[in-house]
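This is what each chain is made of:
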Amino acid sequence: MLSENKLILTTDGSHTVLNSGIGETYHSENGAINESLHVFIQNGLSLINKTEINILEIGFGTGLNALLTYQFAAANNKNINYFTLEKFPLKKGLVKQLNYTEKLSVDNEFFLKLHDLGWDNESNISPNFRLIKRKSDLLDYNFNELKNIDLVFFDAFSPSKQPELWTKNIFDKIYNAMSVSGLLSTYSSAGVVKRALREVGFKVKRKPGPKGKFHMLNATKE
Ligand SMILES: C[S@@+](CC[C@H](N)C(=O)[O-])C[C@H]1O[C@@H](n2cnc3c(N)ncnc32)[C@H](O)[C@@H]1O
């Protein structure tokens, strides 16, 4: 169901991927880079007041969030340990066509290195960016290897398409892997998501969303 992927252009000129099987794009059609910067960098990474930051991403996909994180870390002297899960890695042919490095003025070889790193490997991709990729279904993932996660990029497909991922059970496992004051950022502000996060113990705040979306969520572990 998740295998039919096609590149499309969003309104800020950056690409996203349309999965026609699931009927959803990987990012907002109102700007892929714009959305990722807003939800995960401005309302995520830039709020973490630490030099060494452990990040967990749900859904590696195009690697855009990892690339933006690397760029932010390099510009702001942060050391990042970036754990990312992906059940359906994209084909290399599609990844090579993505225009993110051109739009962000980043070395394309670096971006391809993020994708070339084998699943279930880890690597110091650059002195301040360590990448740990897991090819795993979030539902089966063993969270034991994670601790002191400071920031979570919850970037699965939407709760209407993947309700099984946006549950109290999953958020509970994530919460337990996080450090106190850790932050979870997500583009969804759906009621079911807010409720599940609150049930687990997160303090949930609704924030203005990126272009084309009213809201997004920040959830803090107190
Ligand atoms: C909305 S896309 C965002 C991807 C990525 N963060 C990006 O910026 O390109 C959702 C991602 O979650 C992945 N995904 C879907 N179901 C999953 C599951 N059960 N476990 C892990 N990853 C999953 C999809 O394959 C896809 O890459």
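The rules we used
- Residues numbered from 1 in each chain as written.
- Predicted model: local features only at pLDDT ≥ 70, side-chain atom pairs only at ≥ 80, totals over all residues.
- Heavy atoms only, no water.
- Salt bridge = Lys/Arg side-chain N within 4 Å of Asp/Glu carboxyl O.
- Helix = DSSP H or I, 4+ residues; strand = E, 2+ residues; numbered from the N terminus.
- Buried < 20%, exposed > 50% of the residue type's maximum accessible area, 1.4 Å probe, protein only.
- Pairing = 2+ DSSP bridges.
- Right-handed = clockwise from strand over helix to strand, strands pointing away.
- Near = heavy atom within 4 Å.
- Polar contact = N/O pair within 3.5 Å; in protein donor to acceptor, adjacent residues only side chain to side chain.
- Nonpolar A, V, L, I, M, F, W, Y, C, P; charged D, E, K, R; others polar.
- Axes fitted to C-alpha atoms, helices over the stretch in contact; angles between N-to-C directions.
- Parallel < 35°, antiparallel > 145°, perpendicular 65-115°, else oblique.
- Left-handed = near helix turned anticlockwise from the far one by under 90°.
- Contact = heavy atoms within 4.5 Å.
- Core = buried A, V, L, I, M, F, W, Y, C linked by side-chain atoms within 4.5 Å.

Let's talk about the pattern of salt bridges
Here's step 1: Inspection of the entire model under this criterion finds 5 salt bridges.
Here's step 2: The partner of Lys 50 in a salt bridge is Asp 150, and the shortest N-O contact between them spans 2.6 Å. Separated by 100 residues along the polypeptide, Lys 50 in the loop between helix H1 (32–42) and strand S4 (52–58) and Asp 150 in strand S8 (residues 149–154) bring together distant segments of the chain.
Here's step 3: Accessibility expressed as a relative area gives 36% for Lys 50, which makes it partly exposed.
Here's step 4: Residues Asp 137 and Lys 87 are paired through a salt bridge, measuring 3.0 Å at the closest nitrogen-oxygen approach. Residue Asp 137 is found in the loop between strand S7 (129–135) and S8, and its partner Lys 87 is found in the loop between strand S5 (79–86) and helix H3 (92–95); the two are separated by 50 residues along the sequence.
Here's step 5: For Lys 87, a relative accessible area of 39% corresponds to the partly exposed category.

A few points about the pairing of S8
Here's step 1: The buried fraction of S8 is high, at 6 of 6 residues.
Here's step 2: Two elements, S8 and strand S9 (residues 178–186), share 5 bridges in a ladder whose sense is parallel. Bridge assignment links Phe 154 to a residue of S9, and that residue is Thr 186.
Here's step 3: With helix H6 (residues 168–177) bridging S8 and its parallel neighbour S9, the resulting β-α-β unit is right-handed.

Description of the site of the ligand
Here's step 1: Near the ligand, the surroundings consist of 19 residues, among which His 27, Gly 59, Thr 62, Glu 86 and Asp 155 are the closest.
Here's step 2: In the environment of the ligand, an oxygen atom lies 2.8 Å from a nitrogen or oxygen atom belonging to the side chain of His 27.
Here's step 3: Here a nitrogen atom of the ligand sits 2.9 Å away from a polar atom, N or O, in the side chain of Asp 137.
Here's step 4: In terms of residue class, the shell around the ligand is made up of 7 nonpolar, 7 polar and 5 charged.

Describing the packing of helix H2 (residues 64–76) against helix H5 (residues 108–116)
Here's step 1: One way to put it is that H2 packs onto H5 with a least axis distance of 10 Å and a crossing angle of 125°. Taken as axis vectors, H2 and H5 run oblique relative to one another. In terms of crossing hand, the pair formed by H2 and H5 is right-handed. Residue-level inspection shows Ala 66, Leu 67 and Tyr 70 of H2 in contact with H5, the latter providing Phe 110, Phe 111 and Leu 114.
Here's step 2: Looking at side-chain class alone, the contact of H2 with H5 contains 6 nonpolar, no polar and no charged residues.

Comments concerning the pairing of strand S10 (residues 203–208)
Here's step 1: Pairing geometry for S10 and strand S11 (residues 215–220), over 6 bridges, is antiparallel. Note on S11: the bridge partner recorded for Pro 208 is His 215.
Here's step 2: Taking the residues that link successive antiparallel strands as the turn, the S10-S11 hairpin has 6 residues, and the phi of Gly 212 there is positive, at about 90°.

A few points about the nonpolar core
Here's step 1: Among the nonpolar cores identified, the biggest contains 73 residues, and Leu 114, Phe 154, Phe 171, Ile 174 and Phe 202 are the most heavily contacted of them.
Here's step 2: Residue contributions to this core peak at 7 residues, all from H2.
Here's step 3: Other than its neighbours up to four places away in sequence, Ile 174 contacts Leu 56, Ile 58, Phe 143, Val 152, Phe 154 and Leu 184.

Some remarks on the environment of Leu 45
Here's step 1: Within the element layout of this structure, Leu 45 appears in the loop between H1 and S4.
Here's step 2: In this structure the C-alpha to C-alpha distance between Leu 45 and Lys 6, which are 39 residues apart in sequence, comes to 29 Å.
Here's step 3: Here Leu 45 is in contact with Phe 40, Ile 53, Ile 55, Thr 69, Phe 72, Ile 80 and Leu 151, once residues within four sequence places are set aside.

Remarks on the sheet that holds strand S6 (residues 122–126)
Here's step 1: Judged by pairing direction, the sheet is mixed, and its 8 strands sit side by side in the order S6-S7-S5-S4-S8-S9-S11-S10 without closing on themselves. Of all the strands in the sheet, just S6 and S10 have a single pairing partner and so form its edges. Across the sheet, the mean angle from the axis of one strand to that of its neighbour is 20°, orientation sign disregarded.
Here's step 2: Where S4 and S8 come together, 4 bridges link them in parallel fashion. Across the sheet, residue Glu 57 finds its bridge partner in S8, namely Phe 153.
Here's step 3: Sheet strands in contact with H6 are S4, S8 and S9, and its direction is about 135° off that of S9.

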